[in-house]
Amino acid sequence: MAYEVTATRRRPRRFEDMIGQEFVVATLQKSIAAGKIAHAYLFSGPRGCGKTSSARILAKALNCQEGPSATPCGVCPACVEIARGSSLDVIEIDGASNTSVNDVRQIKDEVQFPPNSCRYKVYIIDEVHMLSTSAFNALLKTIEEPPPYVIFIFATTEIHKVPATIKSRCQQFNFRLVPVELLKQVLSEAAGESGIKADDEALFWVAREATGSVRDAYTLFDQVAAFSDGHITFEKIRDKLGLVGVDRINGVIEACAARDLPAALTALDGIVDSGVSVEQFTVDLADYFRSLLLIRSGVTKETLLGQSPERFSARVLELWSPVQMERALSIMLQLFRDIRYSIDPRYELELAVSRLSWLSDYVSPVEMRQAISQAQSLLLKGAGTRRDSGPFPDEARGAGRRAPAPEAGTDAADSFAMQNSAPEREPASPEETQPFPVQIAQTIPAEAEDTDTRIEDPFAEFKQRLNAGRFGSSPAANPVPSVSPVSAVPPVPAVPEETARAEPSAPVRQSVNESRDEPLDTAEPVDAADVPGSPSVSFDGLPAAIVAALQSTKNMVATGIAQGFDWEDGGKVIRFSVDKPFVHVLLEQERKTIAETVSRLLGRSCSIEIRMNDSRIAASASAELTVPPEVEAVRKMFRGTIVG
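Attention here is on the structure that accompanies the text. (Residues numbered from 1 in each chain as written. Predicted model: local features only at pLDDT ≥ 70, side-chain atom pairs only at ≥ 80, totals over all residues. Heavy atoms only, no water.)

Here we look at the overall build of the protein chain
Applicable threshold: Helical segments are the DSSP runs of H or I of at least four residues, strand segments are the runs of E of at least two, and each set is numbered from the N terminus. Burial classes: relative accessible area under 20% of the type maximum marks a residue as buried, over 50% as exposed, and values in between as partly exposed (1.4 Å probe, protein chains only). Should any heavy atoms of two residues lie within 4.5 Å, those residues are counted as being in contact. The accessible surface values rely on the Shrake-Rupley method and a 1.4 Å probe; as for residues, cover is taken only from the protein chains in view.
A tally of regular secondary structure across the protein chain gives 32 helices and 10 strands. Per-residue burial over the protein chain gives 41% buried out of 644 residues. Of all intrachain contacts in the protein chain linking residues separated by at least 6 positions in sequence, the fraction that spans at least 24 positions is 74%. Accessible surface, the protein chain as shown: approximately 33600 Å² in total, 52% of it carbon and sulfur.

This is the structure we're talking about:
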């Protein structure tokens, strides 16, 4: 007797023999039993899942001498002829070979004749989506109103290519892929019928490789049985088909998880030299990482893993997180796409293994966001408990502080500078906290007046430096005028009545853009004819007087002047230093205004020289740098370095 492949030998001959298609079987059986037989059926689904077999079983059920019956007898002449494919009334047509409109016209001519010996004339058109548009159009009228003895059964693997006009005239049945458990069961039955011993692990592998197709499972089973010598094992399949196997993959991935790249590349070289293709190894690695993800998620079902969970490396499961395993699977999927365009697929594989070796340091975007949130919480907590310590006290104290509202006459550039100016200091003692003067308090929005917020004196630090003799004179020689509770601004020294009449009520305001037109390195001294003959203040009280004079019109400039130090009187040039680049640029832009104010207060023509000197900050930072525990925790979290 001639050899018959397993797929043909085990082709279903009854509806009960169909596996994994319960919906289709139940619907067809009930329709036949109730006598509700449609004139056209459309079977769609993946390859090898029983579409053509179901069409033949339906043809037997309709033409069986015992029927129409949902369970054909299989022994009557009609059933036997249909099973052999020799029935004159059941015509199977290959849609891929008969695609023209002339083939359809031949069908239209044949349907006019009744069946020879059967009850129905059944046309089974396989791969019907291959018909041309003209052939479909020629078939429309026939399948819509065929003779009562004609039934059309269409089968296709690409339902989307069938015109909607054909679909609407047929009863549609969607065939599904067969689960791995059922495939493993039928393979076990096939092995028993053939007298072959097969291990469950090997059958699981064959069932998974079939991807839900019964015919593919039987075909692969025949191939494996041919070289197994009566006993199918996974080891034989791995060796003969060039598979890597979980044991060998464990060695490569364990070395990657341990960050041992030389060992991983050595193990990879041994696998490739044994004859395993790069493409096959990439597929096996992708399947390996998928199985690891399932195990980490608590899924240990062998039908999903394809193998026993104990065969996978426990070391890798311990060292890598699910996020890192997802990243590894993504690397393998991208590798499979890149192989076809590479100059050497092995180079791509070695590069992927190298990336896997540093995967332990991979941080996902979600973990990075959580780390940043934790760092922010630590910094805010440290800023609340260490107001006057740490490497960046000004920034910590300025967090969350509302910037003062811009004045009515402030242009866009000054408003931007005000919003980005240095934050206000937290007062070291309650005595330093003073309310704003009346003219500044009037600019605060009404909604802010209802809050119980105490506004700080922006010149408190400046007054402390005055008291400490920062401008070259002792506190006793230059006492600071007392500040009343109503105003925290030092009083402006008295100006002669003639000077007050000669000066305007408010200095003419100059925009930042206009001041930028002036050169930054030179400042023309004020004409002596425009300067009063007698000075208003002494040089020791000059900084406080400049602050008081500019506070109402140029608050930012006054704040910058208050931060100046090392004042020197050079006759026609007044020099002082600042330690912040932003303050230096701001004062350079307003150099002309400052020079006019200084000349007016000193009673002589003067120019201004503003120097940038940050040595004081560096010396203070190097002498008093203390790192809070919160900042040190953030540094360790991001593996950073504190630069000051």
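Overview of the packing of helix 5 (residues 101-110) against helix 6 (residues 133-144)
Heads up, the condition is: Here the axes come from fitting lines to C-alpha atoms, over the contacting stretch only for helices, and the angles between their N-to-C directions go from 0 to 180 degrees. Under this scheme an angle from 65 to 115 degrees is roughly perpendicular, one under 35 degrees roughly parallel, and one over 145 degrees roughly antiparallel; angles in between are oblique. Each helix crossing is assigned a hand: it is left-handed if the near helix lies turned anticlockwise from the far helix by less than a right angle, otherwise right-handed if that turn is clockwise. Nonpolar residues are Ala, Val, Leu, Ile, Met, Phe, Trp, Tyr, Cys and Pro. Charged residues are Asp, Glu, Lys and Arg, and all others, Gly as well, are polar.
Interhelical geometry of helix 5 versus helix 6 gives an angle of 15° and a closest axis separation of 8 Å. When the axes of helix 5 and helix 6 are compared, the pair comes out roughly parallel. The element helix 5 and its partner helix 6 pack so that their crossing is right-handed. From helix 5, V101, V104 and K108 reach across to helix 6, where they touch S134, A135, A138, L139 and T142. Tallied by class, residues from the contact of helix 5 with helix 6 come to 5 nonpolar, 2 polar and 1 charged.

Brief notes about the sheet that holds strand 8 (residues 565-569)
Counted only if it meets this: If DSSP finds at least two bridges between two strands, the strands pair.
In spatial order, the strands read 8-9-10; together these 3 strands make up an open sheet with mixed pairing. With partners counted over all chains shown, the strands left at the sheet margins are strand 8 and strand 10 (607-612), one partner each. Each strand axis lies, on average, 15° off the axis of its neighbour in the sheet, ignoring direction. Pairing of strand 8 with strand 9 (residues 573-578) involves 3 bridges; the strand directions are antiparallel. Across the sheet, D569 pairs through a bridge with I574, a residue of strand 9. On top of the sheet, helix 29 (residues 581-589) reaches strand 9 and strand 10; it is set at about 165° to strand 10, its chief contact. Sheet contacts for helix 30 (residues 591-602): strand 9 and strand 10; angle to strand 10, the most-contacted strand, approximately 125°.

Considering the sheet that holds strand 1 (residues 40-44)
Taken together, the 5 strands give an open sheet; going across it, the order is 2-3-4-1-5, and neighbouring strands pair in parallel fashion. One side of each edge strand has no neighbouring strand; the edge strands of this open sheet are strand 2 (90-94) and strand 5 (171-174). Averaged over all pairs of adjacent strands, the angle between strand axes in this sheet comes to 15°, irrespective of strand direction. With 5 bridges joining them, strand 1 and strand 4 (residues 150-156) adopt parallel strand pairing. In the strand pairing of strand 4, S44 is matched with T156.

Brief notes about the pattern of salt bridges
Put simply, the rule reads: What counts as a salt bridge is simple: a side-chain nitrogen of Lys or Arg found within 4 Å of a carboxyl oxygen of Asp or Glu.
Applying the stated criterion across every chain, the model contains 25 salt bridges. A salt bridge links R315 to E318; the nearest nitrogen and oxygen atoms lie 3.8 Å apart. Of this pair, R315 and E318 both sit in helix 16 (residues 314-319), 3 residues apart, roughly one helical turn. Linked by salt bridges that have partners in common, R9, R10, E189 and E193 make up one network.

Section: a nonpolar patch on the surface
Going by this rule: Within the patch definition used here, like charges are joined within 9 Å and nonpolar side chains (Val, Leu, Ile, Met, Phe, Trp, Tyr) within 5 Å, considering only residues with over 30% relative accessible area and no salt bridge.
Together, V363, M368, I372 and F638 make up a nonpolar patch on the protein surface, roughly 330 Å² of accessible area in all. On the secondary structure map, M368 appears in helix 19 (residues 365-385).

As for unusual backbone geometry
Even without being glycine, T211 reaches a positive phi, approximately 50°. Structurally, the position occupied by T211 is in the loop between helix 9 (200-209) and helix 10 (214-227). By relative accessible area, T211 is classed as partly exposed at 47%. Backbone geometry at D229 places phi at a positive 55°, although glycine is not the residue there. Mapped onto the elements, D229 comes out in the loop between helix 10 and strand 7 (231-232). Classification of D229 as exposed rests on a relative accessible area of 73%.

Regarding the packing of aromatic side chains
Short version of the rule: Pairing of aromatic side chains here covers Phe, Tyr and the six-membered ring of Trp, requires ring centres within 6.5 Å, and sorts the geometry by plane angle: under 30 degrees stacked, over 60 edge-to-face, intermediate tilted.
Per the stated rule, a full pass over the model turns up 10 aromatic pairs. With centroids separated by 5.6 Å and ring planes inclined at 45°, the aromatic side chains of Y288 and F312 adopt a geometry described as tilted. Placement of the pair is Y288 in helix 14 (residues 278-296) and F312 in the loop between helix 15 (302-305) and helix 16, with a sequence separation of 24 residues. In this structure, Y288 and F312 share a single accessibility class: buried. A centroid spacing of 4.2 Å and a plane angle of 15° characterise the contact between W567 and F576, whose relative ring orientation is stacked. Per residue, the accessibility class of W567 equals that of F576, and both read buried. Members of the aromatic cluster, connected to one another through ring pairs, are Y41, F43, F173 and F175.

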